[in-house]
Amino acid sequence: MITLEDLKPAEGSVTKSKRVGRGRSSGHGKTSCRGHNGEGQRSGRSSKRGFEGGQMPSYRQMPKLKGFKNRFALKAAEINVNDLNELSADTVDLTYLIENKKAHPSCVTLRVLGNGEIKKAVTVKATYVTPSAKEKIEKAGGKVELV
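Cut-offs applied
- Residues numbered from 1 in each chain as written.
- Predicted model: local features only at pLDDT ≥ 70, side-chain atom pairs only at ≥ 80, totals over all residues.
- Heavy atoms only, no water.
- Helix = DSSP H or I, 4+ residues; strand = E, 2+ residues; numbered from the N terminus.
- Rg over C-alpha atoms; globule rule 2.2 N^0.38 Å.
- Buried < 20%, exposed > 50% of the residue type's maximum accessible area, 1.4 Å probe, protein only.
- Contact = heavy atoms within 4.5 Å.
- Areas by Shrake-Rupley, 256 points an atom, 1.4 Å probe, with all protein chains shown as cover.
- Lys, Arg positive; Asp, Glu negative; His and termini not counted.
- Charge placed at Lys NZ, Arg CZ, Asp CG, Glu CD.

The next subject is the overall build of the chain. Along the backbone of the chain there are three helices and six strands. Traced from its N-terminal end to its C-terminal end, the chain shows the element sequence α-β-β-α-β-β-β-α-β. Whereas a compact globule of 147 residues would reach a radius of gyration of roughly 15 Å, the chain reaches 35 Å, over 25% beyond that. Here the chain holds 147 residues, and 20% of them are scored as buried. A fraction of 39% describes how many contacts in the chain between residues 6 or more apart in sequence connect residues 24 or more apart. Just so you have it, the chain exposes about 12200 Å², and 50% of that area is on carbon and sulfur atoms. Between the centroid of the 28 positive side chains of the chain and the centroid of its 15 negative side chains there is a distance of 18 Å.

Of note, Thr130 is situated in the loop between strand E5 (128-129) and helix H3 (131-139). The buried category is assigned to Thr130, whose relative accessible area is 13%. Not counting residues within four places of it along the chain, the set of residues in contact with Thr130 comprises Val112, Leu113 and Gly114.

Pasting the structure below:
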């Protein structure tokens, strides 16, 4: 059973305070650990955040960041309607495009865009299809399935 007498602070959490200005034999005498000349030896001296002694501070050396990048956005593979003509499959989905190296393996969703014309009937399984792309695929005799 633990009693109040047994409680001790964690190892290294309690340190003795530095007693400065108590003579040279103390190791902290004469200048009291403040060095010799300069503004740092005076009382009330405090440099502002990021001050590097007059050297150009690192936050001013770096260029300004412009814009915003959403790190959590899902990466989408995009394919145009005219690119569907070149594919040999009857059904086109994200896995087919990744296997045939038409999309990057890190892509999670598939977007079909309406640029160009399609000449053959294809079933497309995608996350998003633009209205013009849907119209062109169905006009060619194909089918659109939203996943």
